[in-house]
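Single-letter residue listing:
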Amino acid sequence: MTVNRRFLLVRRPHGDPVPEDFRLEESAIPAPPPGGFVMRNHYASLDPAQRGWMDDAESYMPPIPLGAAVR
């Protein structure tokens, strides 16, 4: 079975992020909306800016809310 996987931010990291700051969530792949499609990713990229987005601080992007998927 193919599943949708995403990492959720469950607590704000203090220093370097550790596995306990995240939770892997698996769910059924959603049906695409009319005119939409489902895409399979083979690779993921990590950007240094993601570390700043995990803090609850003002930035050019809003912080990632706790319980939300890491962008």
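Residues numbered from 1 in each chain as written. Predicted model: local features only at pLDDT ≥ 70, side-chain atom pairs only at ≥ 80, totals over all residues. Heavy atoms only, no water.

K.L.:
Help me out: how do you make sense of the side chain of D21 in this one?
P.N.:
Secondary-structure assignment places D21 in the loop between β1 (3–9) and β2 (22–28). D21 gets classed as buried once you look at its relative accessible area, which sits at 2%. Those residues in contact with D21, other than ones at most four positions away along the chain, are L8, L9, V10, R11, R12, P13 and D16. (Helix = DSSP H or I, 4+ residues; strand = E, 2+ residues; numbered from the N terminus. Buried < 20%, exposed > 50% of the residue type's maximum accessible area, 1.4 Å probe, protein only. Contact = heavy atoms within 4.5 Å.)

K.L.:
Can you help me understand the pattern of salt bridges in this one?
P.N.:
In a structure, side chains of opposite charge can pair up when their charged atoms sit close to one another. All told, the structure shown has 4 salt bridges when counted by the stated rule. The salt bridge involving D21 is made with R11; its shortest N-O contact spans 2.5 Å. Separated by 10 residues along the polypeptide, D21 in the loop between β1 and β2 and R11 in the loop between β1 and β2 bring together distant segments of the chain. Taking the relative accessible area as the measure of exposure, R11 reaches 40% and is therefore partly exposed. (Salt bridge = Lys/Arg side-chain N within 4 Å of Asp/Glu carboxyl O.)

K.L.:
Whenever I open this one, the layout of surface pockets confuses me. Can you help?
P.N.:
Taken as a whole, the largest pocket spans an internal volume of roughly 910 Å³. Among the secondary structure elements, those contributing two or more residues to the lining of the largest pocket are β1 and β2. With 5 residues, the single largest contributor to the lining of the largest pocket is β1. Within the lining of the largest pocket, the residues separate by chemical class into 14 nonpolar, 6 polar and 5 charged. (1 Å grid on protein atoms, 1.4 Å probe; cavity = no way out; pocket = protein on both sides within 12 Å on 5 of 7 lines; lining within 4 Å. Points joined across faces, edges and corners; volume = space filled by probe spheres on them. Nonpolar A, V, L, I, M, F, W, Y, C, P; charged D, E, K, R; others polar.)

K.L.:
Help me understand the side chain of Q50, please; the structure alone is not making it clear to me.
P.N.:
Residue placement: Q50 occurs in helix α1 (residues 49–53). Assessed through its relative accessible area of 10%, Q50 is described here as buried. A polar contact is formed between the side chain of Q50 and the backbone nitrogen of D47, at a distance of 2.9 Å. The contact partners of Q50, leaving out residues within four places of it in the chain, are S45, V70 and R71. (Polar contact = N/O pair within 3.5 Å; in protein donor to acceptor, adjacent residues only side chain to side chain.)

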